[in-house]
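Chain and residue survey
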Amino acid sequence: MARKKVALVGAGQIGGTMALVLAQKQLGDIVLVDVVEGVPQGKALDIMEGRLSLNSSAVLAGTNNYNDIAGSDVVIVTAGVPRKPGMTRDDLLDINYGIIEKVGTAIKNTAPNAFVIVVTNPLDAMVYAMQKVTGFATEKVVGMAGVLDSSRLACFVAMELGVAAEDVQAVVMGGHGPSMVSLYDFVSVGGIPLSQLMSKEKFDELSKRTAEAGTEIVNLLKTGSAFYSPGVSAVRMAEAYLLDKKSVLTCAVELKGQYGIKGLYCGVPVILGAGGVEKVIEVKMNDAEKAAFDKSVAEVKVNAEWVDKKVKG
């Protein structure tokens, strides 16, 4: 059986992290693509030289040529400019759209059957742009946001309660930005509803920290944005697709009437498997949560309309 191939477009901090984790998990051979000469080649070789200790047979290559993603089963796109202190994700809109346009055209021409995961910010607008540029079926173009945001919330809940993060299930929906919505009733710890373990007031504090988690890391690093947690989150999505896991994950996907939204990309729980987005799960929110979700969607729509103008250009 032919080995799977995963292309990572962008060999920065997230790209390097994903390459290492993909090699550890042996999900396929990996090609790192970047416009900076030497960086993808160097990172690929560095990981290749560590395969004995990783107990991995994955083959990695680095390139500056988009044609080398030909035949990829999965393409994960992190190419773009990261945030610096004082910048919002939306500040990156114009510059990163130009990059997505170039990358999307390359994917369309060289890897027409690929499952595409977009990590570039502002996330909801960039995955929307990627689908428009490639023209791929919407179930094959998804954005990585909810997996990360839910993981961040799970982390803070685990820290607060002194429990294992892996025992916390959490759902964070909406746009990948300050208006994201953490759902109190959808968090459980080892199957126990969070409402039996933590007050709503304390949860609201953690919810606020989750919405600002990316900014918190940007301010600490001072020279870039988070990369370990986004990297492993994107790999989790790739794994669900490559292994046909039918994983229930919150991803930025195009809604086709669910939640009363049509034609917009937004973070909602879905089933991810070999068909890509195999089902959108509609959850029942209370009035306050639904209002917050609608507000988040309205913000996503503004950027989507900006993308539409660019695409029609």
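Residues numbered from 1 in each chain as written. Predicted model: local features only at pLDDT ≥ 70, side-chain atom pairs only at ≥ 80, totals over all residues. Heavy atoms only, no water.

Describing the overall build of the protein
Test applied: Here a helix means four or more residues in a row that DSSP labels H or I, a strand means two or more in a row labelled E, and each is numbered from the N terminus. Using C-alpha atoms as the atom set, the radius of gyration is obtained and then compared with a globule rule of 2.2 Å times the number of residues to the power 0.38. Using a 1.4 Å probe on the protein chains alone, a residue whose accessible area is under 20% of its type maximum counts as buried, one over 50% counts as exposed, and one in between counts as partly exposed. A contact between two residues is defined here by any heavy atoms of the two lying within 4.5 Å. Every accessible area reported is derived by Shrake-Rupley at a probe size of 1.4 Å, with residue values counting cover from the shown protein chains alone.
When helices and strands are counted, the protein shows ten helices and 14 strands. For 313 residues, the compact-globule estimate of 2.2 N^0.38 gives 20 Å, and the protein sits close to it at 19 Å. With the C-alpha coordinates of the protein rotated into their principal frame, the extents come out at 50 × 50 × 40 Å. Taking all 313 residues of the protein together, 52% fall into the buried category. Residue pairs in contact within the protein that sit at least 24 positions apart in sequence constitute 68% of those at least 6 positions apart. Entry remark: accessible area of the protein is about 13900 Å², with carbon and sulfur atoms responsible for 53%.

Some details on the packing of aromatic side chains
We count it as follows: Pairing of aromatic rings covers Phe, Tyr and the six-membered ring of Trp, with a centre-to-centre limit of 6.5 Å; geometry is then stacked below 30 degrees between planes, edge-to-face above 60, and tilted otherwise.
For the structure shown, the criterion picks out six aromatic pairs. Where Phe115 meets Tyr241, the ring centres are 4.3 Å apart and the plane angle is 15°; that geometry is what we call stacked. Within this pair, whereas Phe115 is found in strand S5 (residues 115-118), its partner Tyr241 is found in helix H9 (residues 228-242), the two being separated by 126 residues in sequence. Each member of the pair, Phe115 as well as Tyr241, is classed as buried. Taken together, a centroid distance of 6.5 Å and an interplanar angle of 80° make the contact between Tyr128 and Tyr265 edge-to-face. Here Tyr128 is found in helix H5 (residues 123-134), whereas its partner Tyr265 is found in strand S13 (residues 262-273), with 137 residues between them in sequence. For the pair Tyr128 and Tyr265, one class covers both residues: buried.

Quick notes on the side chain of Gln258
Defined as follows: For this analysis, a polar contact is any N or O atom pair within 3.5 Å, provided that within protein one partner can donate a hydrogen and the other can accept it, and provided that sequence-adjacent residues contribute only side-chain to side-chain pairs.
Examined against the element boundaries, Gln258 turns out to sit in the loop between strand S12 (247-256) and S13. Its relative accessible area of 18% is what places Gln258 among the buried residues. Reaching out from Gln258, the side chain makes a polar contact with the backbone nitrogen of Lys256 at a distance of 2.6 Å. Excluding its chain neighbours within four sequence positions, the residues that come into contact with Gln258 are Val280 and Glu282.

Considerations on the pattern of salt bridges
Where side chains of opposite charge bring their charged atoms close, a pairing between them can arise. As a reminder of what qualifies: We define a salt bridge as a side-chain nitrogen of Lys or Arg found within 4 Å of a carboxyl oxygen belonging to Asp or Glu.
For the structure on display, the rule yields 13 salt bridges. A salt bridge links Lys256 to Glu139; the shortest N-O distance between them is 3.8 Å. You can see Lys256 sitting in strand S12 and its partner Glu139 sitting in the loop between H5 and strand S6 (141-143), a full 117 residues away along the chain. With relative accessibility at 31%, the residue Glu139 sits in the partly exposed group. Lys200 serves as the salt-bridge partner of Asp204, at 2.8 Å between the closest nitrogen and oxygen. Placement of the pair is Asp204 and Lys200 together in helix H7 (residues 200-211), with a separation of four residues, close to one helical turn. Each of Glu160, Lys202 and Glu205 takes part in one network of salt bridges that share partners.

Topic: the sheet that holds strand S7 (residues 168-169)
To be explicit about the condition: When DSSP finds two or more bridges between two strands, those strands count as paired.
A sheet is described by the order of its strands in space; here three strands give the open sequence S7-S10-S11, paired in antiparallel fashion. A strand with exactly one partner marks an edge of an open sheet, and here the two such strands are S7 and strand S11 (192-193). Examined bridge by bridge, strand S10 (residues 188-189) and S11 share two bridges and lie antiparallel to one another. Considered in S11, the bridge of Val189 is made with Ile192.

Thoughts on the packing of helix H4 (residues 93-110) against H5
Here is the rule: For helices, the fitted axis covers only the stretch in contact; all axes are lines through C-alpha atoms, and the angles between them, taken along N-to-C directions, range from 0 to 180 degrees. Handedness of a crossing follows from how the near helix is turned relative to the far one, being left-handed for an anticlockwise turn of less than a right angle and right-handed for a clockwise one.
Packing of H4 against H5 leaves a shortest axis separation of 9 Å and a crossing angle of 35°. In this structure, H4 meets H5 at a crossing whose hand is right-handed. Between H4, through Leu93, Asn96, Tyr97, Ile100, Glu101, Val103, Gly104, Thr105, Ile107 and Lys108, and H5, the contact on the second element is made entirely by Ala125, Met126, Ala129, Met130, Val133 and Thr134.

Quick look at the side chain of Glu289
We count it as follows: For this count, His and the chain ends are skipped, Lys and Arg are scored as positive, and Asp and Glu as negative.
Locating Glu289 in the fold gives a position in helix H10 (residues 287-312). One buried charged residue, Glu289, forms no salt bridge at all, with the nearest opposite charge on Lys200 at 6.3 Å. Once residues lying within four places of it in the same chain are set aside, the contact partners of Glu289 are Val181, Leu183, Tyr184 and Asp185.

Some details on the pairing of strand S4 (residues 74-77)
Side-chain alternation along S4 places Val74 and Ile76 on one buried face and Val75 and Val77 on a second face that is also buried. By the bridge criterion, four bridges tie strand S1 (residues 5-9) to S4 in an arrangement that is parallel. Within S4, the residue paired with Leu8 across the bridge is Ile76. Sheet topology places S4 next to S5; four bridges connect them, and they run parallel.

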